[in-house]
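Reading the structure
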Amino acid sequence: MQRTLVLAKPDAVQRGLIGEIIGRFERKGLKVVGLRLLSVPRPMAEEHYAVHAGKHFYDGLVEFITSGPVAAFALEGPDAIAVVRKMVGKTMPNEAEPGTIRGDLGISGLRNLIHASDAPETAEAELKLWFGEDVLVDYEREIDAWIVAEEPARA
Ligand code: CMP
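Keep in mind the model is a prediction, meaning the values are calculated, not measured.

Definitions and cut-offs
Residues numbered from 1 in each chain as written. Predicted model: local features only at pLDDT ≥ 70, side-chain atom pairs only at ≥ 80, totals over all residues. Heavy atoms only, no water. Near = heavy atom within 4 Å. Polar contact = N/O pair within 3.5 Å; in protein donor to acceptor, adjacent residues only side chain to side chain. Areas by Shrake-Rupley, 256 points an atom, 1.4 Å probe, with all protein chains shown as cover. Nonpolar A, V, L, I, M, F, W, Y, C, P; charged D, E, K, R; others polar. Salt bridge = Lys/Arg side-chain N within 4 Å of Asp/Glu carboxyl O. Helix = DSSP H or I, 4+ residues; strand = E, 2+ residues; numbered from the N terminus. Buried < 20%, exposed > 50% of the residue type's maximum accessible area, 1.4 Å probe, protein only. Contact = heavy atoms within 4.5 Å.

1. Quick word on the site of the ligand
Near the ligand you find Lys9, Tyr49, His52, Phe57, Leu61, Thr91, Met92, Arg102, Leu110, Asn112 and His115, and these make up its full shell. At a separation of 3.4 Å, an oxygen atom of the ligand approaches a polar side-chain atom of Arg102. Note that an oxygen atom of the ligand is positioned 3.0 Å from one of the side-chain N or O atoms of Asn112. With the chains in place, 80% of the 450 Å² that the ligand exposes on its own is no longer accessible. Class assignment of the residues belonging to the shell around the ligand gives a composition of five nonpolar, four polar and two charged.

2. Focus: the pattern of salt bridges
For side chains of opposite charge, pairing can occur when their charged atoms come near one another. A full pass over the atoms with the stated rule returns 10 salt bridges. For Glu20, the salt bridge is made with Arg24, and the minimal N-O distance between the two is 2.8 Å. Of this pair, Glu20 and Arg24 both sit in helix 2 (residues 18-28), four residues apart, which is roughly one turn of the helix. Owing to a relative accessible area of 32%, Glu20 belongs among the partly exposed residues under this scheme. For Arg24, a relative accessible area of 16% corresponds to the buried category.

3. A closer look at the side chain of Asp11
Topologically, Asp11 is positioned in helix 1 (residues 10-14). Engagement of the side chain of Asp11 in a polar contact is seen with the backbone nitrogen of Asn112, the distance being 3.5 Å. Leave out the neighbours within four places in its chain, and Asp11 touches Phe64, Arg111, Asn112 and Leu113.

Treat this as a map of the structure, not an account of what it does.
As structure tokens, this is what we get:
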């Protein structure tokens, strides 16, 4: 089982799309193991986007993510990182496929609604940054038996 971080960015919160976004992941079968609404302190934004420091869009990115409240979700499921990235769609909403969150709900590159961790190492670091240690919730769902199939052992 894998965990990943999703952020509904300030544009998603302002547009009232938190429910639409988290609902898509819930309907997919992903389990919500962390939830948080916060105004992002600038140092936290800079740490989150440290990998983009120095790029031409970095300042705008930090400005944007600190411009209003952000909703952070920790999601759990089989292959959660790749599954969530697929559901989010390409970075630029005008290039994202219909059926993806950015493809269905966004239209401009700078207003792309959502962030999702891109690899196990980044997911681990981002979950720690946004939720801290030991905050995520371990629990069972009865319905998981209908969502998560055991892979048959190979001969
Ligand atoms: P996100 O998934 O939050 O991770 C990095 C962000 O940088 C990305 O979404 C975009 O919002 C932004 N980004 C990536 N490439 C560009 C670009 N060429 N111009 C502007 N913003 C970009």
